[in-house]
Amino acid sequence: MSVEATAPGKAILFGEHSVVYRGPAIVIAIDRRAKITAKERDDEIIRFDCLDLGFEGYFEGDEYHPVAGEEWRGNRLQAMLVAARKTMEHLDKHSGLDLTVRSEIPIAAGLGSSAAICVATVAATGELLDGNLSLQEICDLAYEGEKVVHGTPSGVDNNISTYGGVLSYETGVGIERIDFQGGLPLVIGNSRRKRSTRRLVARVRLLRDRNPELVDGLIDSMGEVSRKGLEAIKARDYPMIGDLMNINHGLLSSVGVSIARLDILVHAARGAGAYGAKLTGAGGGGCMIAITDPDKLKEVSRAISHSRGEPHIVNISYEGVETRRLD
Ligand code: MEV
């Protein structure tokens, strides 16, 4: 028997970094998904097929054995390995697994690829072992995997990937599902620079340690922008969403997480008529996001492309994690 689970990536509209301390972050699930297929084995090996990314290998205990690709690739699998093992521990059911990983979400780009992969791994493993996991259990177990990649992430990524739709997420408080339907005219631009969320979160923390009052003031302002942003989203006030994205980008630049490539894409989108644009995710590379008049989606995409970014017109995905048995 095998099981397939899919989970969406995400884009943060407002509140990245500030959500590490409090938030809120306003986040949408996007129509790009990670897919995990899980199959039971009759030994204790956990095998990963990531051939789309050019590697395959298995863990015997904690030792990684590459089948295709380099040995260091084993490090990249730690989050999934932890997510699968924590799921089995939680259910007190143990099995070897064959896990096949396929994803439409760009990696290390701020679009929640690692969280989507962890969420889908937990859901697939849980279903395979008849675990009957609730959404909250899937979300919490995926967080255990996320911690391996990101250190102490806020939890926003695993929440949106589990639940889908539009969420406001406040650290220490939890999620509020936003009653919102339909789409928003958004274009994402990938700078094609990979980066590490863990390092960027650490960089902001260091800046805050050195300048606590100043940085706390900026974090509070980001929280205020998020709250106003949520009102603007509910009212579908695109020009106001754009203003607030521009302000949010300035605040994120001031805590040191933008880079020239992201600024170039943000300005290209604004220059092509977007109402506003900002980096999305941890920054340091990865992606920016712009809101525009629906008639200008193509123009803004073209401008991002001419500035050597990779544009994606994205829709909100209202489907969170989904699981199905294959045979
Ligand atoms: C990463 O998607 C968003 C950050 O706020 C980190 C986190 O929330 O854990 C930068």
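Numbering of residues starts from 1 in each chain and follows the order in which that chain's sequence is written. Per-residue local features are limited, in this predicted model, to residues with pLDDT of at least 70; the limit for side-chain atom pairs, both in listing and counting, is 80 or more; totals at the level of whole chains, interfaces and linings are taken over all residues. As a rule here, side-chain values cover all heavy atoms of the structure and leave hydrogens and water aside.

Q: Help me understand the overall build of the protein chain in this model?
A: The secondary structure listing takes helices from DSSP runs of H or I that are at least 4 residues long and strands from runs of E that are at least 2 residues long, numbered from the N terminus. Across its full length, the protein chain holds 11 helices and 13 strands. Atoms considered for the radius of gyration are the C-alpha atoms alone. The globule rule reads 2.2 Å times the number of residues to the power 0.38. Against the globule reference of 20 Å for 327 residues, the protein chain gives a C-alpha radius of gyration of 19 Å, in line with a compact fold. Buried residues are those whose accessible area, probed at 1.4 Å on protein chains only, stays under 20% of the maximum for their type, while exposed residues exceed 50% and partly exposed ones sit between those limits. Residues classed as buried in the protein chain amount to 55% of the 327 residues present. A separation of at least 24 residues holds for 72% of the contacts in the protein chain among residues at least 6 apart in sequence. Accessible areas in this description were obtained via Shrake-Rupley with a 1.4 Å probe; residue shielding takes into account the shown protein chains only. Carbon and sulfur atoms make up 47% of the accessible area of the protein chain, which amounts to about 13800 Å² in all. The centroid of the 39 positive side-chain charges in the protein chain is displaced by 7 Å from the centroid of its 45 negative side-chain charges. When checking whether two residues touch, look at their non-hydrogen atoms; a contact exists if any pair is within 4.5 Å. For this count, His and the chain ends are skipped, Lys and Arg are scored as positive, and Asp and Glu as negative. In this description, the location of a charge corresponds to atom NZ of lysine, CZ of arginine, CG of aspartate or CD of glutamate.

Q: Even after reading the chapter, I still don't get the pairing of strand 8 (residues 174-177), so can you show me in this structure?
A: Note on strand geometry: in a regular strand, side chains alternate between the two faces of the sheet. Pairs of strands are assigned from DSSP output, requiring at least two bridges between the strands. In this sheet, strand 8 lies alongside strand 7 (residues 166-170) in antiparallel orientation, the contact comprising 4 bridges. Across the sheet, residue Leu 167 finds its bridge partner in strand 8, namely Arg 177. The turn joining strand 7 and strand 8, which pair antiparallel and follow one another in sequence, is formed by 3 residues; a positive phi near 85 degrees is taken by Gly 172.

Q: Mind showing me how you'd approach the site of the ligand here?
A: Taken together, 13 residues lie near the ligand, and Lys 10, His 17, Pro 153, Ser 154 and Asp 157 sit nearest. Any pair of nitrogen or oxygen atoms within 3.5 Å is treated as a polar contact; in protein, a donor-acceptor pairing is required on top of that, and neighbouring residues in sequence qualify only through side-chain atoms on both sides. Within the side chain of Lys 10, an N or O atom sits 2.9 Å from an oxygen atom of the ligand. At a separation of 3.1 Å, an oxygen atom of the ligand approaches a polar side-chain atom of Asp 157. Among the secondary structure elements, those contributing two or more residues to the shell around the ligand are strand 1 (2-14), helix 1 (18-21), helix 6 (156-163) and helix 7 (197-210). Throughout, the ten residues Ala, Val, Leu, Ile, Met, Phe, Trp, Tyr, Cys and Pro are labelled nonpolar, Asp, Glu, Lys and Arg are labelled charged, and all others, Gly among them, are labelled polar. In terms of residue class, the shell around the ligand is built from 7 nonpolar, 3 polar and 3 charged. We call a residue near a given molecule or strand whenever any one of its heavy atoms falls within 4 Å of it.

Q: Just to check I follow, could you spell out the pairing of strand 5 (residues 63-68) for this structure?
A: With 5 bridges joining them, strand 4 (residues 55-60) and strand 5 adopt antiparallel strand pairing. Along strand 5, the bridge assignment pairs Phe 59 with Tyr 64.

Q: Help me understand the side chain of Glu 16 in this model?
A: Here Glu 16 shows up in the loop between strand 1 and helix 1. Within the structure, the side chain of Glu 16 is placed 2.9 Å from the side chain of Lys 278, a separation counted as a polar contact. Each residue touching Glu 16, except ones within four places of it in the same chain, is listed here: Met 222, Asn 248, Leu 252, Lys 278, Leu 279, Thr 280 and Gly 281.

Q: What is the right way to look at the side chain of Arg 261 in this model?
A: Turning to its location among the elements, Arg 261 is positioned in helix 10 (residues 260-271). One buried charge, Arg 261, has no salt-bridge partner; the nearest side chain with opposite charge is Asp 263, at 11 Å. Sequence-distant contacts of Arg 261, that is, excluding residues within four places in its chain, are made with Ser 191, Arg 193, Ser 307, Arg 308 and Gly 309. Every case where a carboxyl oxygen of Asp or Glu lies within 4 Å of a side-chain nitrogen of Lys or Arg is listed as a salt bridge.

Q: Would you mind going over the packing of aromatic side chains with me for this structure?
A: The geometry of an aromatic ring pair is captured by the separation of the ring centres together with the interplanar angle, meaning the angle of the planes. Stacked, edge-to-face and tilted labels apply to pairs of Phe, Tyr and Trp rings (six-membered ring for Trp) whose centres lie within 6.5 Å, assigned for plane angles under 30 degrees, over 60, and everything in between, in that order. On inspection of all chains with the given rule, the structure shows 2 aromatic pairs. Aromatic pair Phe 59 and Tyr 64: ring centres 5.0 Å apart, planes at 45 degrees, arrangement tilted. Among the aromatic residues, those joined into a ring-pair cluster are Phe 48, Phe 59 and Tyr 64.

Q: Where do I start with the domain arrangement of the protein chain in this structure?
A: For interface size, the figure often reported is the accessible area lost on association. Considered domain by domain, the protein chain is made up of domain 1 (2-179) and domain 2 (186-314). Each domain's extent was defined by an automatic or database domain assignment. Each of domain 1 and domain 2 has a C-alpha centre, and the two are 25 Å apart. Taken together, the contact pairs 32 residues of domain 1 with 41 residues of domain 2. Between domain 1 and domain 2, roughly 2900 Å² of surface is buried when both sides are summed, and carbon and sulfur atoms account for 64% of that area. When the buried area of domain 1 at its contact with domain 2 is split by residue, Phe 14, His 17 and Tyr 21 rank highest and sum to 26% of it. Along the contact surface separating domain 1 from domain 2 lie 2 salt bridges. Measuring nitrogen to oxygen at the nearest pair gives 2.6 Å for the salt bridge that ties Arg 22 to Asp 220. Between the two partners, domain 1 and domain 2, sit 14 residue pairs in polar contact (both at pLDDT 80 or more). With 5 residues, strand 2 (residues 25-41) is the largest single contributor of residues to the side of domain 1 that touches domain 2. The class makeup of the residues in the side of domain 1 that touches domain 2 is 18 nonpolar, 9 polar and 5 charged. Once two parts are put together, the accessible area they lose, assessed with a 1.4 Å probe and summed over both, is termed the buried area.

Q: Explanation requested: the sheet that holds strand 10 (residues 276-280) in the structure shown.
A: Strands pair in a sheet through their backbones, by hydrogen bonds, and they do so in one of two ways: parallel or antiparallel. A sheet is described by the order of its strands in space; here 4 strands give the open sequence 10-11-9-12, paired in antiparallel fashion. At either end of the open sheet lies a strand with only one pairing partner, and these are strand 10 and strand 12 (310-314). Neighbour to neighbour, the strand axes of the sheet diverge by 25 degrees on average, direction disregarded. To define axes, lines are fitted to C-alpha atoms, for helices over the stretch in contact only, and angles between the resulting N-to-C directions are given on a 0 to 180 degree scale.

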